[in-house]
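# Close look at the chain arrangement
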Amino acid sequence: MKNYTIVFIIALLLSFCQEKKRIHSETYNTPPSLETKIEIQNLSPLLWGDTILFSIIAKEKYTSIDSVSASFQQKEIHILQKNDKWYLNSNQLKLGKYYIQIRIYLPENKKESHSLLLEIQSPVIPIKYTYEKINTYPHDASAYTQGLLIHDGYFYESTGLEGRSTLRKVDIKTGNVVQKKALTYEYFGEGLTLYKGNLIQLTWRSGIGFVYDKETFEQKETFRYSQEGWGLTTWDSVLIMSDGTENLYFLDPVSFAEKSRIQVYNKQGKVTELNELEMVDDKLYANIYTTDIIVIIDPKTGIVEGEIDMKGIMGNDTKKRDVLNGIAWDSKKNTLFVTGKLWASLFEIQLRKL
């Protein structure tokens, strides 16, 4: 018996990138119950915003295709048809590796369904930044900084390591800790954010977060999550959480249920090790763990729009210290602060384009 052959020819109309792309093809394994197979051919890489064109070749007995539909994460994707071609715009998708569902409706009420794996990458070359030191402030060199924010003239900081993890309020100019709450030994403190008078703190591998009253540091509740806890920040009415991968999770700030997620990509591919997070004028700044790089992310798409090279920020300080980690934005003064784990200094900086 002759099989159906459905050939998807994906041609990418690249508006962001002019360089020549490598052609590749991929054949998907089809369950025996289906009489079709899918062969995808596309230009590599597939960039967000590219138009995806595909054509369908069916078994000889079918002279036409009744219709084609597609969905992504249980949401319908808008498809247009022109002559015998179908096309969709990849900006309906998200960055990263995802399956899209293609449904082919044939005469005689026959329907075929296939899952196609696509990897959508960023079309943007990140803007490169360096920094200029404005001020240097003392910082507790025993503080393993995991989360940092500024509010009403004070830093609020979450520190890590088992048996040494704390929540603290810190005087900016002196670095003195004016209020502190120690976590019990089993918890490794991580990201920290502020939402409507509550400080919200993650822990690393315990899957438990804490909610505190900002004024008293009294613990009001706990919440759970399934991944590791790394960075945490607030964006309007959602929390954004990192777990050390390329994923960012958008959480309800009251129930802490996951509302959505995105994957972070630059022009070279996915960006992992996302750590401490901070919102700066609707852009998300993230430390890349073990590096001197802070990336600037569009939180709507996951596209890395900028990279800040913080190399040399410690100057001639040769004292033992750990990696860069800790970003705080003072929205009232438009001032950015950075520090690191076990650093004796905290820096106020301005960014400069390279």
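As a reminder, the structure under discussion sits directly above these lines.
So, here is what we can say about the structure in this document. This one's a predicted model, so the numbers in the text were calculated from it and none came from an experiment. Throughout this document, residue positions are counted from 1 along each chain, in the order its sequence is written. In keeping with the predicted nature of the model, local features appear solely for residues at pLDDT of at least 70, side-chain atom pairs appear and are counted solely at 80 or more, and the whole-chain, interface and lining totals rest on all residues. Hydrogen atoms and water are omitted, and side-chain values are computed over all heavy atoms in the structure.

In this section: the sheet that holds strand 28 (residues 274–280). What the eight strands build is an open sheet, ordered 28-29-30-31-13-34-33-32; its pairing is mixed. With partners counted over all chains shown, the strands left at the sheet margins are strand 28 and strand 32 (324–330), one partner each. On average, each strand axis in the sheet is tilted by 30° relative to the strand beside it, whichever way the strands run. Between any two strands, pairing holds if DSSP finds at least two bridges. The secondary structure listing takes helices from DSSP runs of H or I that are at least 4 residues long and strands from runs of E that are at least 2 residues long, numbered from the N terminus. Note: strand 28 against strand 29 (residues 283–288), five bridges, orientation antiparallel. Following the sheet pairing, M279 is matched in strand 29 by L284. Here an axis means a line fitted to C-alpha atoms, over the contact stretch when the element is a helix, while the angle between two N-to-C directions is reported on a 0 to 180 degree scale.

With that out of the way, let us pick up the pairing of strand 28. Look at any regular strand and the pattern is simple: side chains alternate between the two faces of the sheet. Relative accessible area decides the class of each residue, using a 1.4 Å probe on protein chains only: under 20% of the type maximum gives buried, over 50% gives exposed, and in between gives partly exposed. Counting buried residues in strand 28 gives seven out of seven residues, a clear majority hidden from the surface. Linking strand 28 to strand 29, which pair antiparallel, is a turn of two residues; within it D281 sits at a positive phi near 50°.

With that settled, the discussion passes to the pattern of salt bridges. Any Lys or Arg side-chain nitrogen located within 4 Å of an Asp or Glu carboxyl oxygen qualifies as a salt bridge. Overall, the coordinates contain 10 salt bridges when judged by the stated rule. Between R352 and E132 there is a salt bridge whose closest N-O contact spans 2.6 Å. Placement of the pair is R352 in strand 34 (residues 345–353) and E132 in strand 13 (residues 127–138), with a sequence separation of 220 residues. Looking at E132, the relative accessible area reads 34%, which means it is partly exposed.

What follows is about the sheet that holds strand 15 (residues 154–159). Spatial strand order, 14-15-16-17: four strands in an open sheet with antiparallel pairing. Edge positions in the sheet fall to strand 14 (145–151) and strand 17 (177–182), since each of these pairs with one other strand and no more. Averaged over neighbouring strand pairs, the angle between their axes works out to 15° when direction is ignored. Both strand 14 and strand 15 contribute to a ladder of six bridges, which runs antiparallel. Looking at strand 15, one finds that H151 is bridged to Y154.

A separate point is unusual backbone geometry. Positive phi values are uncommon outside glycine, yet N109 reaches one of about 60°. One can find N109 in the loop between strand 11 (96–106) and strand 12 (110–121). A positive phi angle, close to 50°, is found at K196, a residue other than glycine. Locating K196 in the fold gives a position in the loop between strand 18 (189–195) and strand 19 (198–203).

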